[in-house]
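Summary of the model geometry
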Amino acid sequence: MSKTEVVTISDSEGLMQKETMQKWRYALLVAISAGYIAFQLYIALIRPFDRWIQVPIHLAFGLIAAFMFSPIASKCKTRLTKALGWTYDIVLISMVLYIAYYFLSNLTYLQNRIYNVDTMTSADLLAAYLLVFVVMEAVRRAMGLTLFIFIAVFILYAFVGQKIPGVFQFRGMTWQGFAELMVMDVNGILGSPLTTSMNTLFYFLLFGAFFSVSGGGQVLIDLGMKLSDKTVGGPAKAAVLSSSLMGMISGSAVANVTTTGVLTIPLMKKAGYEPHQAGSIEAIASTGGQIMPPIMGIGAFIMAEMIGVPYLKIAASAVIPALAYYGSVFLLVHFLAKKKHMTAKNTSVKYTCDPILPRVYQILPIVGLVYIIVTGGSLTRAALVGTGLSIFVSFISKKTRMNVRQFISATFDGVKQAANIAIPTAAIGIMIGIVVQSGVTNKLTKIIANTGESNLWLALVLAMIGNILLGMALPTVAAYLIANILFATTLINLGLPPLVANMFIFYFSAIAQITPPVCLASFTAAGIAKASSWKTGWTAFAYALVAFLVPYVFVFQPELLLVNANVVNVSTAVAILAWGILFLAGGISGYMLKPVDNIILRSVFVLAAILIILPNMVMTVAGSIIGVIAFAVNLTLVKRQEKKAVAAA
């Protein structure tokens, strides 16, 4: 084939897209992907290198992959601009290769160098600023302008901090000091987030890519669909189940919507749900996968590294809030179905698929992965075993047996996702270094603490708003990492345990995907449902209201996260939460055994639910009384209407 011929590749991430590229670029990406995976397998299975080598090399592979997956030339129209675009990318890749060479050739020097004592040499400065430049360019290209501008503001703050009046003033940084902070400090670009990307996240992203194409992903979807096939509102319940199962693997709400939504949304519409309702249900079900144990996307792995808590403890602590989230959604769709007089006998909405039992072996990779984690094996080992099992089980059936092209496509998907995690985790290292050096978090804590006795509530509200704003514009992992820098220390300084503080900000980083005005998961679902994006977004927000309440509850009742818990206080907290969720679902859906058509009564149900759920026994009792009275009033009104209807007939 000539160099102008193209190869078509599929995106196995679930985004339903295909891309064509020149054969030489395809071959180069194959080589880069193979090299990236070989390097990661070597340090995991054979022998790790010194951190001054393996962390920069991990980042170098990610940067080169990102530039080749998203080249400037792909957006150029003329031959000249395409040539200039490729020239620019070649220069960038040359910079990355030089940076890798710098770390490889200066290992002894870097190991023996004394931070903040030894002077930065010309070679040190050149490598540091080239690294900052290529990371920022990769952020702009792979993650968008929002994160680029956000980090650029912090870089500017590093140099002009001494000129800013007020509490955020600090001594500023010199050019040498900034460069040293970026590459020589554990809080810089090569710090903990990027190290986690190398040690853990890469392997789980690779596992997710291969699991999806091995048939396991389809089994999870089919399983969720069939479990709810014979119940009232079955398609909506199927969306909740299948999306939660897939979401905990994919870690991407938007990708999850596109994967499961194309199946569930049309069925929900056929069953009787309005288009915006179907889109909303799919959006909130897909988003919740990121808070669903045992895998929780990849955010939990980042959290485990950031706060030094075993992953299993984080997964266990997330169980009750996740069940509350999905329990609320499940109850809501059931009430909506009852209100719309849906039945389980509607044959037009039956989901058909190949028998699941003969294919159940395809979820063996997840079983193996979870087993290794539960029995104390390392996360890396668990992900590698899961990936190996995914490849193995794919060959059992002719329908799922991967050919060379599919294997390469899965590899591309895993490497592309790994690069898209390595880049923001490296870039956020820039922020971490500047924040630590300037003491921004301590300044925020001081500002909030000076507001009076209600400082914790104010801090929680500020953290919630900040997380949602970040999560609207950034992937969940990037939003969580930034929020961890800005808000977690403040919450911890105000008395919250690190796990509680981090789980609080992680929740809002995730559910920002369904928070208007920028709710990407809801907008994606609206497109599939052919519904109003705005109406779908606000409906999803209302349906997921419990997700905005539960984080406040576990702050004041940490037993919901199994922190300082015993059987009695956990059982009490869960019972109260479930009692409140019942009224919340009834108020939002407009159904509590009987239809609730009165908007005032619906509002009273929601108010009662909020009072019940809030962690105050007096409010809980008051909310219970209000809810029961409202329930009795509604039953009375419905019976009167039924008597009038009978009399009129």
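Right, let's walk through the structure included here.

Here is what the cut-offs are and how they apply
Residues numbered from 1 in each chain as written. Predicted model: local features only at pLDDT ≥ 70, side-chain atom pairs only at ≥ 80, totals over all residues. Heavy atoms only, no water. Helix = DSSP H or I, 4+ residues; strand = E, 2+ residues; numbered from the N terminus. Rg over C-alpha atoms; globule rule 2.2 N^0.38 Å. Buried < 20%, exposed > 50% of the residue type's maximum accessible area, 1.4 Å probe, protein only. Contact = heavy atoms within 4.5 Å. Areas by Shrake-Rupley, 256 points an atom, 1.4 Å probe, with all protein chains shown as cover. Lys, Arg positive; Asp, Glu negative; His and termini not counted. Charge placed at Lys NZ, Arg CZ, Asp CG, Glu CD. Phe/Tyr/Trp six-rings, centres within 6.5 Å; stacked < 30°, edge-to-face > 60°. Polar contact = N/O pair within 3.5 Å; in protein donor to acceptor, adjacent residues only side chain to side chain. Patch = residues over 30% accessible without salt bridge, like charges linked within 9 Å, V, L, I, M, F, W, Y side chains within 5 Å. Salt bridge = Lys/Arg side-chain N within 4 Å of Asp/Glu carboxyl O. Core = buried A, V, L, I, M, F, W, Y, C linked by side-chain atoms within 4.5 Å. Axes fitted to C-alpha atoms, helices over the stretch in contact; angles between N-to-C directions. Parallel < 35°, antiparallel > 145°, perpendicular 65-115°, else oblique. Left-handed = near helix turned anticlockwise from the far one by under 90°. Nonpolar A, V, L, I, M, F, W, Y, C, P; charged D, E, K, R; others polar.

Here's the deal with the overall build of the chain
- The number of helices and strands found in the chain is 28 helices and four strands.
- Taken over the C-alpha trace, the chain has a radius of gyration of 26 Å; the compact-globule value for 649 residues is 26 Å, and the two agree within 12%.
- Taken along the three principal axes of its C-alpha coordinates, the chain extends 90 × 65 × 50 Å.
- Counting every position in the chain, which comprises 649 residues, the buried fraction comes to 55%.
- Considering only contacts within the chain whose residues lie at least 6 apart along the sequence, 74% involve residues at least 24 apart.
- A total accessible area of about 26600 Å² is found for the chain, and carbon and sulfur atoms account for 67% of it.
- In the chain, 43 positive and 22 negative side-chain charges are present, and the distance between their average locations comes to 10 Å.

Details of the packing of aromatic side chains
- Taken as a whole, this structure holds 36 aromatic pairs when the rule is applied.
- Seen in terms of ring centroids, Tyr-157 and Phe-170 are 5.1 Å apart; in terms of plane orientation they differ by 45°. Their pairing is tilted. One end of the pair, Tyr-157, is in helix H6 (residues 145–160); the other, Phe-170, is in the loop between H6 and helix H7 (175–184), with 13 residues separating them in the sequence. The same class applies to Tyr-157 as to Phe-170, namely buried.
- Of the aromatic side chains, those joined through ring pairs into one cluster are Trp-457, Phe-504, Phe-508, Trp-534, Trp-538, Phe-541, Phe-548, Tyr-552 and Phe-556.

Topic: the environment of Asn-112
- Within the secondary structure, Asn-112 is located in helix H4 (residues 107–112).
- Polar contacts involving the side chain of Asn-112 include one to the main-chain carbonyl oxygen of Thr-108, which spans 3.1 Å.

Side note on the environment of Thr-343
- For Thr-343, the location among the structural elements is in the loop between helix H15 (319–339) and helix H16 (364–374).
- Linking Thr-343 and Val-232, residues 111 residues apart in sequence, is a C-alpha distance of 5.1 Å.

Describing a positive patch on the surface
- Residues Lys-639, Arg-640, Lys-643 and Lys-644 make up a contiguous surface patch of positive charge.
- Here Lys-639 lies in helix H28 (residues 617–648).

Quick look at the pattern of salt bridges
- Evaluation of the coordinates by the stated rule reveals six salt bridges.
- With its nearest N and O atoms 2.8 Å apart, the salt bridge here joins Arg-140 to Glu-137. Within this pair, Arg-140 and its partner Glu-137 are both found in helix H5 (residues 122–142), separated by three residues, close to a single helical turn.
- Judged by relative accessible area, which is 30%, Arg-140 ranks as partly exposed.
- Residues joined by salt bridges that share partners form a network here, namely Asp-89, Glu-137, Arg-140 and Arg-141.

Here we look at the nonpolar core
- By size, the foremost hydrophobic cluster in this structure holds 227 residues, and its most contacted members are Tyr-273, Ile-430, Ile-434, Met-503, Phe-504 and Phe-554.
- Broken down by element, this core gets its largest block of residues, 17 residues, from helix H18 (residues 404–438).
- Setting aside residues up to four positions removed in sequence, Ile-434 forms contacts with Phe-154, Ile-155, Tyr-157, Ala-158, Met-173, Phe-178, Leu-181 and Met-182.

Details of unusual backbone geometry
- One non-glycine residue, Asn-116, lies in positive phi territory at about 70°.
- Locating Asn-116 in the fold gives a position in the loop between H4 and H5.
- On the basis of relative accessibility, which here comes to 60%, the residue Asn-116 falls in the exposed class.
- Not every positive phi belongs to a glycine, and Lys-530 is a case in point at roughly 55°.
- Among the secondary structure elements, Lys-530 is positioned in the loop between helix H23 (520–529) and helix H24 (533–543).
- With a relative accessible area of 71%, Lys-530 lands in the exposed category.

Focus on the packing of helix H12 (residues 275–287) against H24
- Where H12 contacts H24, the two axes come as close as 8 Å, and the packing angle between them is 55°. Here H12 lies oblique to H24, going by the angle between them. Here the hand of the crossing between H12 and H24 comes out right-handed. Across from His-276, Gln-277, Gly-279, Ser-280, Ile-281 and Ile-284 in H12, the residues of H24 making contact are Lys-535, Thr-536, Thr-539, Ala-540 and Tyr-543.

Notes on the packing of helix H21 (residues 476–493) against helix H22 (residues 498–511)
- The N-to-C vectors of H21 and H22 enclose an angle of 140°; their axes lie 9 Å apart at closest approach. Classed by the angle they form, the pair H21 and H22 counts as oblique. Relative to H22, the crossing made by H21 is right-handed. Contacts between H21 and H22 involve Thr-476, Ala-479, Tyr-480, Ala-483, Asn-484, Phe-487, Ala-488, Leu-491 and Ile-492 from the former and Pro-498, Ala-501, Asn-502, Phe-504, Ile-505, Phe-506, Ser-509 and Ala-510 from the latter.
- For the contact of H21 with H22, the residue count by class is 13 nonpolar, four polar and no charged.

Overview of the environment of Cys-519
- Looking at the element boundaries, Cys-519 is found in the loop between H22 and H23.
- Between the alpha carbons of Cys-519 and Phe-541 there is a distance of 9.2 Å; along the sequence they are 22 residues apart.
- With near-sequence residues (within four places) excluded, Cys-519 lies in contact with Ala-512, Gln-513, Ile-514 and Gly-537.

Things to note about a nonpolar patch on the surface
- On the surface, Met-617, Val-621, Ile-625, Ile-629, Val-633 and Leu-637 cluster together into a nonpolar patch covering about 510 Å² of accessible area.
- Summarising the element assignment, Ile-625 is placed in helix H28.

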